[in-house]
Amino acid sequence: MQVSNNHTVEKIGGTSMSQYDAVRDNIIFNPALKNPYQRVFVVSAYAGITNLLLEHKKTAEPGVFGRFAQAEEDQSWIEAFALVRQKMLDINQELFGDGQLKDKADKFILRRLDDAERALADLNSLCQHGHFELDDHLAKVREMLASIGEAHSAWNMAHLLQKEGVNAVFVDLTGWNIDKAVDMDELIKDAFFSLDLRECLPIATGYCHSEKGLMATFDRGYSEMTFSRIAVLTKAQEAIIHKEYHLSSADPKLVGEDKVVPIGMTNYDVADQLANLGMEAIHPRAAKGLRQSEISLRVKNTFEPEHKGTLITSTYVSDKPKVEIVAGRQQVYAFELFDQDMMGQVNKFDIETLALINELKIEMVSKDVTANSITHYLSCNLKKAKRLLVLLEKQFPEAEINLRKVCIVSAIGSDMQEAGMLAKAVKAIAEQGISIQALHQSMRQVDIQFVLDESHFEQAIIALHQHLVEIQPEV
């Protein structure tokens, strides 16, 4: 590959991928561009496909992987495979209609699905013997299944664009046919080495094979890491994410479309705070590579191609202190651990608690500490919350442990160092008659977090947005 720093690396999300006409007209053939080249596209699976392959991202309803992991003698994972197979073929029918290209698309994805189903059947049979444990292989199974969704969408998009006269190239990073594990960076370099971006348009899979396993670290954020590494290794001029919405000052469904505004510009600190609330512009580890390589990230709305979107850089600071976005997280459990003997031993209690949290693979959102108590705010489902409670009660039999369901609402900005801003935020909440259970503001001055009863989530978001964004604070 001839590196010239003139190209962009662009990621297309699953919801946008499911609307090919909009992707073609608004992104690939964007009227503002002379030609479709000098770009690399990294694509996600079509909307809903990864949920069927793994498990539903929000409800945790098991897909093929979820059912296989719980299988033992149960064969319901085979039914899940039939469901995802039919869904993929339906997508092909919608995109290609009848004809040779549709037959070719079906043959490609059916071969992947058949290979995967055969591998799972063989593994299930093998693990009936006492010397083999299914749990030892589940991480690899998850990687394999995840890769199928992106292979499907990338192959389809490359061939649809070829039909439109574009020299599109399907770049398969899934490692499906390689005979040995390789480093992720090595795989990316090999795939792009021979490509001249002036004359071809690579369509790369959002999943990339990795010797260590991409999902072990990033789970469902793996496509963002692939996107980031391609941008870094090919020395992109800019990285772009195409979503079905703008990165706005709040959720328009809550606040109202007429009241929110695209952020326009912000920095990676703000992006990281959003990720901590489960509203990822980009996974923090993926952002780290872009940040270190001084590659700016632009978030654009697929359906408003003329809009420049929001540019995220490592150096941006707002021209005056202000709140840029109001966001929050529901489904948060507060675990308050109180022990009179904790005084002077907070670290010991914290380390042992964190070990249990990590053991259950629960995500921590925030934490606060007093002389004799620690409260961890965790994002998980009720089943895991109850399991952690049992483990904590066993680990600390003399402690008082309180569990409650809360929400976290946050005001975020690249520069919020203004006297009185915290007071205005507290006043906005208090005027709604909402009781604040905890309040966090760090010395970095990039966010103010309110821990509230879960029932006050929407009300608090609307109030903070109205007082801190719609009504600009005086400087």
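Residues numbered from 1 in each chain as written. Predicted model: local features only at pLDDT ≥ 70, side-chain atom pairs only at ≥ 80, totals over all residues. Heavy atoms only, no water.

S.K.: Help me out: how do you make sense of the overall build of the protein chain in this one?
M.R.: Of regular secondary structure, the protein chain possesses 17 helices and 14 strands. Summarising its shape, the C-alpha atoms of the protein chain cover approximately 70 × 60 × 35 Å along the three principal directions. The burial tally for the protein chain puts 53% of its 475 residues in the buried class. If you take every contact in the protein chain between residues at least 6 apart in sequence, the share linking residues at least 24 apart comes to 76%. (Helix = DSSP H or I, 4+ residues; strand = E, 2+ residues; numbered from the N terminus. Buried < 20%, exposed > 50% of the residue type's maximum accessible area, 1.4 Å probe, protein only. Contact = heavy atoms within 4.5 Å.)

S.K.: Sorry, what's going on with helix α7 (residues 138-163) here?
M.R.: For an α-helix, 3.6 residues make a turn, and residues three or four places apart therefore share a direction. With 26 residues, α7 should reach 38 Å at 1.5 Å per residue; the first-to-last C-alpha distance of 39 Å fits that figure. Counting buried positions along α7 gives 22 out of 26 residues, so the element sits mostly inside the fold. The first or second residue beyond α7 is Gly-165, which carries a positive phi of 95 degrees. (Expected span 1.5 Å × (residues − 1).)

S.K.: Mind showing me how you'd approach the packing of aromatic side chains here?
M.R.: Applying the stated criterion to the full structure yields 6 aromatic pairs. For the pair Trp-77 and Phe-81, a centre-to-centre distance of 6.2 Å together with 70 degrees between the ring planes defines the contact as edge-to-face. Note that Trp-77 and Phe-81 are positioned in helix α5 (residues 76-96) at a spacing of 4 residues, about one turn of the helix. An aromatic cluster is present here, built from Phe-68, Trp-77 and Phe-81 joined pairwise through their rings. Positioned above the aromatic ring of Phe-65 is the side chain of Arg-142, whose terminal nitrogen or guanidinium carbon lies 5.0 Å from the ring centre. In this arrangement the basic side chain of Lys-348 is found over the ring face of Phe-349, its NZ or CZ atom lying 5.4 Å from the centre. (Phe/Tyr/Trp six-rings, centres within 6.5 Å; stacked < 30°, edge-to-face > 60°. Lys NZ or Arg CZ within 6 Å of the ring centre and 35° of its normal.)

S.K.: Got a minute to help me understand the sheet that holds strand β1 (residues 8-12) in this structure?
M.R.: Sheet strands associate in pairs through backbone hydrogen bonding, adopting either a parallel or an antiparallel arrangement. Sheet architecture is open: 8 strands sit in the order β3-β4-β2-β1-β5-β7-β8-β6, paired in mixed fashion. At either margin of the open sheet sits one strand with a lone partner, and together these are β3 (168-171) and β6 (265-267). Each strand of the sheet is rotated relative to its neighbour by a mean of 25 degrees, with strand direction disregarded. Against the sheet, helix α10 (residues 222-233) engages β1, β2 (39-43), β4 (201-205), β5 (238-243) and β7 (297-301), with an angle of about 170 degrees to β1. (Pairing = 2+ DSSP bridges. Axes fitted to C-alpha atoms, helices over the stretch in contact; angles between N-to-C directions.)

S.K.: Would you take a moment to explain the environment of Cys-127 for this structure?
M.R.: Following the sequence through the fold, Cys-127 ends up in the loop between α6 (100-126) and α7. On the basis of relative accessibility, which here comes to 16%, the residue Cys-127 falls in the buried class. Taking C-alpha positions, Cys-127 is 42 Å from Ile-374, a pair spaced 247 residues apart along the chain.

S.K.: In this structure, what is going on with the pattern of salt bridges? I would like to understand it.
M.R.: Opposite charge on two side chains permits pairing when their charged atoms draw close. Applying the stated criterion to the full structure yields 23 salt bridges. Put simply, Asp-269 and Arg-291 hold a salt bridge, and the shortest N to O gap is 2.9 Å. Linking Asp-269 in helix α12 (residues 268-276) with Arg-291 in helix α13 (residues 284-292), this pair joins segments that are 22 residues apart in sequence. Accessibility expressed as a relative area gives 14% for Asp-269, which makes it buried. With a shortest N-O distance of 3.9 Å, Glu-431 and Lys-427 are connected by a salt bridge. On the basis of relative accessible area, Glu-431 is assigned to the partly exposed category, the value being 48%. Here the residues in one salt-bridge network are Asp-21, Arg-24, Asp-25 and Glu-164, joined through shared partners. (Salt bridge = Lys/Arg side-chain N within 4 Å of Asp/Glu carboxyl O.)

S.K.: What is the right way to read the confidence of the model for the protein chain from this model?
M.R.: Of the residues in the protein chain, 96% reach a pLDDT of 70 or more, and the chain-wide mean stands at 91. Averaged over each element, pLDDT in the protein chain is lowest for helix α9 (residues 214-218) (76) and highest for β4 (98). (pLDDT = per-residue confidence, 0-100.)

S.K.: Teacher, can you tell me more about the side chain of Ser-228 here?
M.R.: Mapping Ser-228 onto the fold places it in helix α10. Each residue touching Ser-228, except ones within four places of it in the same chain, is listed here: Ala-286, Gly-289 and Leu-290.

S.K.: Honestly, the sheet that holds strand β11 (residues 373-379) in this entry has me stumped. Any pointers?
M.R.: Taken together, the 6 strands give an open sheet; going across it, the order is β10-β11-β9-β12-β14-β13, and neighbouring strands pair in antiparallel fashion. Either end of the sheet is taken by a strand with one partner, and the two such strands are β10 (363-369) and β13 (436-441). Averaged over all adjacent pairs, the angle separating strand axes in this sheet is 30 degrees, with direction ignored. Sheet topology places β10 next to β11; 6 bridges connect them, and they run antiparallel.

S.K.: Before we go on, may I ask you to explain helix α2 (residues 20-28) in this structure?
M.R.: Within α2, 7 of the 9 residues are buried, leaving the element largely enclosed by the surrounding structure. Among the residues making up α2, those that are buried are Tyr-20, Ala-22, Val-23, Arg-24, Asn-26, Ile-27 and Ile-28.

S.K.: It is not clear to me how the side chain of Arg-85 should be interpreted in this structure. Could you clarify?
M.R.: With respect to the helices and strands, Arg-85 occurs in helix α5. The residues touching Arg-85, leaving out its near neighbours within four places in the chain, are Leu-110, Leu-113, Asp-114 and Glu-117.

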